[in-house]
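Breakdown of the fold
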Amino acid sequence: MSDLFAFQHAWLIPLLPLLGALLAGFLGARFLKRQSHWPIWLGVGASAVLSFSLLFGMLALWTKGRESSVREPAGKWTVEQANLERAAARDRGESKSVPLARSIKWFDWILAGGSDASHKSYPDNDIRSADGTVNPLRPFHVEAGAWIDPLTAVMLCVVCGIGFFITVFAAGYMKGESGYFRFFAYLGLFLFSMTILVMGNNFVMLYLGWEGVGLCSYLLIGYYYEKPAAREAAKKAFLVNRIGDFGFGLGIMLCFLAFGTVSYYGNGPHTGSGVLDMAMAAQLPGGQITPFQQTALKWIPFLLMIGAFGKSAQFPLYVWLPDAMEGPTPVSALIHAATMVTAGVYMIARCSTLFVQNEAALITIAFVGAFTALFAGSIALRQFDLKKVFAYSTVSQLGFMFVAVGVLAPVAGVFHLITHAFFKALLFLSCGVIMHAMSGELDMRKFSGLKRVLPKTHVLMLIGCLALAGIFPFSGFFSKDEIVGAAFHHNTLLGLVLLFTAFLTAYYTFRLYFRVFQGPEILPEAPAHASHGHGGDEHGSHNHEPWSMMLPLFVLAIGAILAGALNWPERERSLGTFLYESPSFQNGAVIADIAFTRLGGKPVDLSAFGRREADEAAMGHEPPFTPIMGISLIVALCGVWLAYRNHLKDRAAAERLARKLGGLTTLLEGKYWIDEIYENAIVEPLKKLGRAFFIIDQMVVDGVVWMISFIPQATGFALKLTTQRGYLQGYAASMLFGVLVILLLIFW
Amino acid sequence: MLSAIGAPFIPHWNEVLPHSGDGFLKPFVADLWLIVTIVAVLITPFFTRKSNIACALVALAGLTGALLCLLVVGAGSDVTGTHFRGLLVIDGFAVFWKVLLIVFVMGIILMWLSVSAWGMHEGDGPEFFTLLLGATLGMSLMGSTSNLLMIFLSVELASLPSYVMAGFRKTHRVGAEASLKYVLFGAATSSIMVYGLSILYGLYGTLDIHSTILANGTAFPTIIPGLAAKMAASTGGGALLAVAIFGLIVGIGFKVSAVPFHFWCPDVFEGASIEVSAFLSVASKGAALVLLLRALMLIADAFGYQNAPHVSLSSIAAVIGIIGAVTATVGNTAAFIQTNIKRLLAYSSIAHAGYMLCALSLLVAHNHAITVDNLNVPAQAILLYLAVYMFMNLGAFTVAGLVARQTGSELVSEYSGLGRRSPILAACMFCFMISLIGLPPFAGFVAKLNLLLVLMSNGGWWWGLVIVIGVNTILSAFYYFRVIKAMYLGDNEEAAFVPNPLGSAIALCSAMMLVLMLLGYGPFTDLTKKFSHVYGVDVLSRPVVVSAQP
């Protein structure tokens, strides 16, 4: 495995976009100007190629390993058992299974604290001494390194692959904007941070990436900084994310306190030298665990969860995402739909070891996810701005993913993450094309029947809508169905909520489609406002669907259609079984298995972690299509039909319905007044508190500071007036005095 | 070839050469390059009329050659050993210091080109660069000697050109006065030092601090015990020995500008032209620290880091620690009220020298059991601190020089509105000031953190030093932030200006180095660890010395 180019040179994946960003940032204004997209195209493109070669190399090894390997015995096994078997197989000279997960160290980043002696006797990441005690003088050791496993490879392909197509699209979309180079420099920086986030082999790298993408998101939302709304939205996104990141940071610190390291798996999986491994060992029956670790394991998931809620826009921290649509559309597609906002899901899937035994945390995640899905889905019903509809839809779909990881089906969560990345990026970019054609107008009441104006976009958007609505055989159908199925397995209420949300999703998606593309052709009058930067004069003549913008859309559309096949339930080699090669999923499955049989809960469906029972016969019984699939398809079709009735056949019907449900309509149009509630309940009191603190600062703190500064100031003047007066005699006398004092010290 | 020439005249010549053949000069080719460059600078005026700039370029070229030679030596697997009958020592520590020094002097010359070249009288260049390179040679030798004679020679070789450089602006009254003060102080402290060194020679009858191993071709080489070994073996000396070591500390303390030998420092920095101040602030202090570290470490090592009845290592450590703490405190409090940026930086450099002296106090007594790992910890801390400090000061003085050139004044008040008038310079200065305080995200943080961790890990009364450094850091924040406040919050209606591009480049490069060194915290620390080995410090692996009575 290590001989593959992509493994040895995985460091190039984050580095190339960074280089591109630096080139675009430093040379863009002066030299590159309108060509500033080239460094980013090349850098991100190369990273995408590397990511895919990493994935395919891994797949090849996996296939080879599976064919040559003896099947692992069925039934309950523990990691110790598996390790013993692996070791035995190694001794016999058989390469039983190729470990697809490994840690690649680039360099020691931080090695602080502890004494040198403690570094020696506790080599590398191993913070335990031979007798198993945790090193009291443990150093704070952070590697700069990558953790390469199937989950990383899949995430890298999503980030770099979709990232590349969106940068290609952006070059066409952003043509002629002022600060063109700035946009691409930020984009490169974003992809650097995002790859660091998914590649890092420890929590500090994760945090670095986490904050990096947050910063880039802030910069890009505020890209049109002349617009007050964009500035406000950027600020809001930044501040709301700080709340989440605060919890996230505390969680990481608690990890370090409890386990003495921040590495995921230390030197490698099952070596007992990383947080996730040690947490696992502690949770196995008979595992040694200190009382402090026990308490920490209760709290860490909740703290990490707060971070995930902030970054992935879950209730109550979702408020920033709809406003973030003030940024340029490619940014909405890349950052606020496809990649960054899914970081929370990635993080929980990565750390499933920490989450699965904590039932309270899991229930919280699942219910917050379900509630967010329903809540945001319902707001999307009465939005008229295209991007706002998709923004709330994104929040809602992220809720689905959270339910998936909450009900112990991380494979379904990651699967939905991938399909969602494709079709949501497609939908947002299509919105971008519409926005381009309509000179910045996005209100669906202002135009209609665009299928003849934008024929290609029409087809692409339809594909995206079908996928989002979950219509067979588009990708969204499969991933959403898996989540709904897992939710029903766990809790019927959750399942029903998700099913209803699926109905809403189909409704608002096709409401948008029927209004925008079907019906009588209406175009907005003169270009509404030139704020978008595209001059009005060229409007009539220029092609609304240039190839540079269409090509990425076609690729994404193919993904939106076909990505559902990745986890085809019948196939033995699917996304799930591949992801199961990642220790995060394996450990999660093992702990979930033990925890939920011990706690007397329901038996866990381990195939939701990607585990396939070794017994072929047992597998054959699992039907490829479940009744739930049929139900969810019918529900989605109902939604489409209702949208057709209300928004195409008889457009007045929708308004009639809205008037009939007056109260509900106002509630939805006011977005439940969550923003206003936050403003009055949190922001205003905080502002008052701030003013009070300001007065205290002025009166008390400044006074104390002045007093503190008075002492050295007085000493300084005293020194100046006594010794440092410029007279040589004075100097000599002072020196003589000092010498005497030193001599006294020596002989005393 | 040289060994063939030397053999007939000097007894034991062939035995003392650790490397047979002609390769033994290799580690010192860099120093030879400096000498050649001095000659080249002196004859440059014969070839060109614009000799100032030409001399600078010649000096730069020579220094580049020296740097390349050093890098070759440093990359070599084993360069450790004594040369020239023990007069000079080469080891990782010395190589690292020399690389730092030469890079720094190259920076100083670039700074001169960007700030002062226009103001220097045509024809003064050769003299100036001869002096600069001469002092550099002295400082380079200070880093690689543990022989009493060489100590005195190299200190004087470094000092004498410095005195002249301090007063190089002949028409400048303040400079002339400062130079005179510098000479008088230097003479006084030098005489105390040479007095101390002569007592040492008188007591033990040898000039080499370290023991010399004579390769006689057998498995049991003859060992000529050095001064440190004899000191440890004999029991006499007492008060006389204390006076001798005191003399050494005074001589070095003057170069480091430790309190109470610091009086020259602010006056000289204010009076000298800015690149000379910058040069003295890092090179002179660094060389002295490196020299003292080597000498004390060898002595402490000979005693096995234990107090002996006649020599109390812990009281030497206490004296150095107290001097360091007082130096840092006096430097910071005095800097508090300075209005002249050069005087402010002078006191700041006194304070930083104090911090480094605190680390130096570690060498002579360890609380922990001595292991291969913690043996070289103080050397590592000082190397790391010097490397960071060098870039901070080079950058800060460059910005100070550029601003002084633009405004014609060296007052801190001139910095008001700099953030608007020259955003690049202001951003760089911001970086240097934050780094000098020791705050992230700049490398000053790494250096200070490393120093504090080293002190803390030793525990005991070193915690006192940790507290003193902590309090001093808070104090220093006040005056560093005064500059930042002036730059970004001060009002100034004057027009924006474009600083000299070369100067801006130096400042930018230094700032970027400071960021890079923080990002590369791990690799950078590893590098200093790798180069922190001091030759002759091998208490763990040393064969038992059969002491020959003096």
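The structure contained in this document is the topic of the report that follows. Computed from a predicted structure; not experimentally measured.

1. Focus: the overall build of chain A
From N to C terminus, chain A includes 30 helices and two strands. Evaluated residue by residue, chain A yields a buried proportion of 56% over its 748 residues. Partitioning the contacts of chain A with sequence separation of at least 6, the portion at a separation of at least 24 is 81%. Put simply, chain A shows about 30,000 Å² of open surface, and 68% of that area lies on carbon and sulfur atoms.

2. Focus: the overall build of chain B
Assigned secondary structure in chain B consists of 22 helices and four strands. Going through the 550 residues of chain B one by one, you find that 63% of them count as buried. When contacts within chain B are restricted to residue pairs at least 6 apart in sequence, long-range pairs at least 24 apart make up 80% of them. Carbon and sulfur atoms make up 71% of the accessible area of chain B, which amounts to about 19,000 Å² in all.

3. A closer look at unusual backbone geometry
In this structure, the amide linkage connecting Phe315(A) to the following residue, Pro316(A), adopts the cis form with an omega of 0°. Its location among the elements puts Pro316(A) in the loop between α11 (291-311) and α12 (320-323). Of note, the bond from Pro440(B) into Pro441(B) is cis; its omega dihedral lies within 30 degrees of zero at 5°. Among the secondary structure elements, Pro441(B) is positioned in the loop between α18 (423-437) and α19 (443-458). Although it is not a glycine, Tyr672(A) sits at a positive phi angle of roughly 60°. With respect to the element layout, Tyr672(A) can be found in the loop between α28 (662-669) and α29 (674-722).

4. Overview of the packing of helix α30 (residues 728-747) of chain A against helix α10 (residues 239-256) of chain B
With their axes 11 Å apart at the nearest point, α30(A) and α10(B) run at an angle of 140° to one another. As the angle between them shows, α30(A) and α10(B) are arranged oblique. Between α30(A) and α10(B) lies a crossing whose hand is right-handed. Along its contact with α30(A), which presents Val739(A), Ile742(A), Leu743(A), Ile746(A) and Phe747(A), the element α10(B) presents Ala239(B), Ala242(B), Val243(B) and Phe246(B). Residues belonging to the contact of α30(A) with α10(B) are distributed by class as follows: nine nonpolar, no polar and no charged.

5. A few points about the interface of chain A and chain B
The interface of chain A with chain B comprises 34 residues on the first partner and 38 residues on the second. The contact between chain A and chain B buries some 3,200 Å² in all, and 78% of this surface belongs to carbon and sulfur atoms. Inspection of the chain A/chain B interface yields zero salt bridges. There are three residue pairs in polar contact (both at pLDDT 80 or more) connecting chain A and chain B. Among the elements of the structure, β1 (102-112), α5 (116-121), α29 and α30 of chain A are those that each provide at least two residues to the side of chain A that touches chain B. Ranked by the residues each element gives to the side of chain A that touches chain B, the list is headed by α30(A), at twelve residues.

6. As for the packing of helix α16 (residues 377-407) of chain B against helix α22 (residues 521-530) of chain B
All names here are of chain B. In contact at an axis separation of 8 Å, α16 and α22 are set at 125° when each is read in the N-to-C sense. As far as their axial angle goes, α22 and α16 are oblique. Classified by chirality, the crossing of α22 by α16 is right-handed. For the pair formed by α16 and α22, the contact residues are Gln380, Leu383, Leu384, Ala387 and Val388 on the first element and Phe524, Thr525, Thr528 and Lys529 on the second. For the contact of α16 with α22, the residue count by class is five nonpolar, three polar and one charged.

7. Re the nonpolar core
Of all hydrophobic cores here, the largest spans 234 residues; its most connected members are Phe203(A), Leu354(A) and Ile434(A). When residues of this core are assigned to their parent elements, the largest contribution, 19 residues, is made by helix α18 (residues 410-437) of chain A. Membership of the second largest hydrophobic core comes to 208 residues, among which are Val41(B), Phe129(B), Ile151(B) and Leu344(B).

8. Topic: helix α14 (residues 341-360) of chain B
Residues and elements named next belong to chain B. An ideal rise of 1.5 Å per residue puts 28 Å on 20 residues; α14 measures up with 28 Å between its terminal C-alpha atoms. The buried fraction of α14 amounts to 20 of the 20 residues, a majority that puts the element mostly inside the structure. Structurally, the start of α14 carries an N-cap: the backbone nitrogen of lysine 342 is 2.7 Å from a side-chain oxygen of asparagine 340.

9. Describing the environment of Cys255(A)
Residue and element names in this part refer to chain A. Summarising the element assignment, cysteine 255 is placed in helix α9 (residues 228-259). For the pair cysteine 255 and cysteine 160, spaced 95 residues apart in sequence, the C-alpha separation works out to 30 Å. Setting aside anything within four residues of it in sequence, one finds cysteine 255 in contact with Phe203, Gly260, Thr261, Val275, Ile300 and Leu354.

10. A short note on the packing of aromatic side chains
Two aromatic rings, taken as a pair, are described by how far apart their centres are and by the angle between their planes. For the structure shown, the criterion picks out 50 aromatic pairs over all chains. Relative to Trp462(B), the ring of Trp461(B) has its centre 4.7 Å away and its plane inclined at 15°; by these criteria the two rings are stacked. Judged by relative accessible area, Trp461(B) falls into the partly exposed class, the value being 39%. Their ring planes at 45° and their centres at 4.5 Å tell us that Tyr479(B) and Tyr480(B) sit as a pair that is tilted. The residues Tyr479(B) and Tyr480(B) share a single accessibility class, namely buried. Put simply, the rings of Tyr180(A), Phe183(A), Phe184(A), Tyr223(A) and Tyr224(A) touch in pairs and so form one group of aromatic residues. A cation over an aromatic ring shows up here: Arg445(A) above the ring of Phe384(A), its NZ or CZ 3.8 Å from the ring centre. Positioned over the ring face of Trp547(A) is Lys456(A), at 4.8 Å from the centre of the ring.

11. Overview of the pattern of salt bridges
Residues and elements named next belong to chain B. For the coordinates displayed, the defined rule picks out 22 salt bridges over all chains. The shortest N-O distance in the salt bridge between lysine 98 and aspartate 31 comes to 2.9 Å. Placement of lysine 98 in helix α5 (residues 92-115) and of aspartate 31 in helix α3 (residues 29-43) is noted, with a sequence separation of 67 residues between them. On the basis of relative accessibility, which here comes to 1%, the residue lysine 98 falls in the buried class. Linking arginine 343 and aspartate 267 is a salt bridge whose minimum nitrogen-to-oxygen distance equals 3.3 Å. Of the two residues, arginine 343 sits in helix α14 while aspartate 267 sits in helix α11 (residues 264-271), which places them 76 residues apart along the sequence. Both residues of the pair, arginine 343 and aspartate 267, count as buried. Put simply, Arg173, Glu177, Lys181, Asp267, Glu270 and Arg343 are held in one network by salt bridges that share partners.

12. Comments concerning helix α21 (residues 492-517) of chain A
All names here are of chain A. A rise of 1.5 Å per residue sets the reference length of α21, with its 26 residues, at 38 Å; its end C-alpha atoms lie 37 Å apart and thus fit the reference within 8%. In terms of burial, α21 is a largely internal element, 22 of the 26 residues being buried. With a side-chain oxygen positioned 2.9 Å from the backbone nitrogen of leucine 493, the residue opening α21 is asparagine 491. Glycine 519 lies just past α21 and shows a positive phi near 80°.

Reading guide: rules and limits
- Residues numbered from 1 in each chain as written.
- Chains lettered and ligands numbered in written order.
- Predicted model: local features only at pLDDT ≥ 70, side-chain atom pairs only at ≥ 80, totals over all residues.
- Heavy atoms only, no water.
- Helix = DSSP H or I, 4+ residues; strand = E, 2+ residues; numbered from the N terminus.
- Buried < 20%, exposed > 50% of the residue type's maximum accessible area, 1.4 Å probe, protein only.
- Contact = heavy atoms within 4.5 Å.
- Areas by Shrake-Rupley, 256 points an atom, 1.4 Å probe, with all protein chains shown as cover.
- Axes fitted to C-alpha atoms, helices over the stretch in contact; angles between N-to-C directions.
- Parallel < 35°, antiparallel > 145°, perpendicular 65-115°, else oblique.
- Left-handed = near helix turned anticlockwise from the far one by under 90°.
- Nonpolar A, V, L, I, M, F, W, Y, C, P; charged D, E, K, R; others polar.
- Buried area = accessible area lost by both parts, 1.4 Å probe.
- Salt bridge = Lys/Arg side-chain N within 4 Å of Asp/Glu carboxyl O.
- Polar contact = N/O pair within 3.5 Å; in protein donor to acceptor, adjacent residues only side chain to side chain.
- Core = buried A, V, L, I, M, F, W, Y, C linked by side-chain atoms within 4.5 Å.
- Expected span 1.5 Å × (residues − 1).
- Phe/Tyr/Trp six-rings, centres within 6.5 Å; stacked < 30°, edge-to-face > 60°.
- Lys NZ or Arg CZ within 6 Å of the ring centre and 35° of its normal.

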